[in-house]
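# Close look at the chain arrangement
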Amino acid sequence: MKGLMMERQLLVIDILKHANRNFPNVEIVSETVEGGRHRYTYSDAYRRTAKLSNALQRLGAKTGDRVGTLAWNGYRHFELYYATAGTGTVIHTINPRLFPEQLIYVINHAEDRWLFLETSFVEAAEKLAPHLPTIEGFVILCDREHMPETSLPNAMCYEDLLAIEEEEYSWAELDEKTACGLCYTSGTTGNPKGVLYSNRGVVLHTMASGAPDAIHYSLQDVVMPVVPMFHVNAWGSPHASPMFGAKLVLPGPKMLDGKTLQALINEEGVTISLGVPTIWTALMNYVKENGGDLKPMNRSIIGGSACPPALMKSFRDYGVRVRHAWGMSETTPLGVLNTPKPEFASWPLEEQQRMDEKTGHGFFGIEMKIVDGDDTELPWDGVQFGALKVRGPWVCNDYFKLDGASDAHDADGWFSTGDVATIDEYGFMQITDRTKDVIKSGGEWISSIELENIAVSYPGVAEAASIAMEHTKWGERPLLVVRKSEGVAIDKRALIDFYQGKVANWWIPDAVEFIEEVPHTATGKVSKLKLREHFSNYEWPAGTDPKRE
Ligand code: AMP
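Let me begin by describing the structure that accompanies this report. (Residues numbered from 1 in each chain as written. Predicted model: local features only at pLDDT ≥ 70, side-chain atom pairs only at ≥ 80, totals over all residues. Heavy atoms only, no water.)

## A short note on unusual backbone geometry
The omega torsion of the bond from T332 to P333 falls at 5 degrees, within 30 degrees of zero and hence cis. Tracing the chain through its elements places P333 in the loop between strand 14 (321-327) and strand 15 (334-337). Not every positive phi belongs to a glycine, and T332 is a case in point at roughly 70 degrees. Mapped onto the elements, T332 comes out in the loop between strand 14 and strand 15. Looking at T332, the relative accessible area reads 6%, which means it is buried. We note that K401 has phi near 60 degrees; this positive angle belongs to a residue other than glycine. With respect to the secondary-structure elements, K401 resides in the loop between strand 18 (386-391) and strand 19 (415-423). Taking relative accessible area as the criterion, K401 reaches 37% and is therefore assigned partly exposed. (Helix = DSSP H or I, 4+ residues; strand = E, 2+ residues; numbered from the N terminus. Buried < 20%, exposed > 50% of the residue type's maximum accessible area, 1.4 Å probe, protein only.)

Structure, rendered in structure tokens:
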């Protein structure tokens, strides 16, 4: 027997309709490429989204068409999120940090029909344009006054497009499975793969992310995503803020500028921020050097790579609680999030902090398990490492145009994340490595993330990565690669000794090497592939004695 409930479709455009109705005066504040801070309300955004939907229709956009964006976190990008979803087209958010050949690959693979781009990317786009046969027009995200001279074919001014349109649009009642977004993951090998989000997946993800033991968005909050809107929908915050009525603060091109971030936090009253550890390290360094505080902020959602305990401590010193989170492009992205269980409250502070440092616990919608090499599920004992698999309604089922060719999914619908993790008896998962990055010494795994977290708590270590180096006796041993803070001297032996008592003796790195710059991927993660290439002819220092007990 079927229940007698309405079958209303879960649609992204309904989030903005809801905000327009219920929170019309709540603001979206954006730092702009043109300079200065722009502010308007959800109701303004709604009306301009209707205009943009009309403009897309006038351009000839049809359901399923891909609309590329090369844009920062700003109000026009926000409008593009909703106008594409509302018109059944698909926003393809492109990472401007990709190499030119990767940009050409993703735009051609997606078969984008238009590219909406910031004025600051026009010059780069001019070089790419001859290689982009599917692009019919370039829409520059500015008004007439800021429209640059450009050789881009069919270049249009965004504000001109909107100016002639009506403020009303009758959005169709789409099927909730309709695609609404496309984001390419830049894997370390092979071509980037496209993750195609659906209206249903995004809406469910947004609802789940608002729960108190997830991100807990509320009417009282001011949300600042410092994770880019070109990467996994800025972790869903441009959807969650209007759904839950929170004010949205978008830092535009100033994502790495500690001064602007601190000013935005204090002047706009930011209570929640979201971003990867490197961004926050830059902010915390700025605040420590220049003084001031982060008073309004009470929590910072940190993920994308492991948040070092030292960074959590810096935040704590400013009254900000870090909520560690894990996710992937393929999981829209929220997968787990760290909030304490009630029983931890009576534990010693150190123990509580140790739990805070774990990656997080599950929340409804994402199932997870860890498996061994034979795909047998491993116990949740906090000790055994296994390959992490997930499944759920906002986990990708396949990659765009790969038609099942990827081997990431098994017969029961579990997705192999490529991460290695432990899960403890409280259900707290901890990522220890990427499968490709584990260090296997004498047949047993060493967590490179744990070694890195310890290194960055050592004075003068600005950034650290541990990689597996071939070793005649143990197969592989950990080498610690360190970028020092400017003008600091570090004694390698003392740094190695610093590990004593913090990890098993046989985990302790055998050697330390200094490097001027740690290579990063386009999404800001340490590129271990490039590091391993850099050290491909590495010779262990004479007398290096593996410390296995
Ligand atoms: P992306 O698809 O580019 O967002 O990258 C997803 C990957 O980032 C995951 O598979 C993990 O390897 C890594 N990652 C995300 N969050 C965390 C975290 N909290 N700790 C460690 N690694 C993380």
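## Regarding the nonpolar core
Ranked by size, the top nonpolar core spans 111 residues in total, and within it F78, F116, F315 and M429 carry the most contacts. With residues up to four places along the chain from it excluded, the contact list for F315 reads W280, M284, L294, M297, S300, I302, V320 and V322. By size, the runner-up hydrophobic cluster in this structure holds 31 residues, among which are V122, L128, I140 and A179. (Core = buried A, V, L, I, M, F, W, Y, C linked by side-chain atoms within 4.5 Å. Contact = heavy atoms within 4.5 Å.)

## Some thoughts on the site of the ligand
By nearness alone, 15 residues border the ligand, and A325, S329, D419, R434 and K525 come closest of all. H231 has a polar side-chain atom sitting 3.1 Å from an oxygen atom of the ligand. A total of 500 Å² of accessible area belongs to the ligand in isolation, and the protein chains cover 90% of it. Counting residues per element, the ones that place at least two in the shell around the ligand are strand 14 and strand 20 (428-434). Here the shell around the ligand takes four residues from strand 14, the largest share from any one element. Of the residues in the shell around the ligand, the class split is five nonpolar, seven polar and three charged. (Near = heavy atom within 4 Å. Polar contact = N/O pair within 3.5 Å; in protein donor to acceptor, adjacent residues only side chain to side chain. Areas by Shrake-Rupley, 256 points an atom, 1.4 Å probe, with all protein chains shown as cover. Nonpolar A, V, L, I, M, F, W, Y, C, P; charged D, E, K, R; others polar.)

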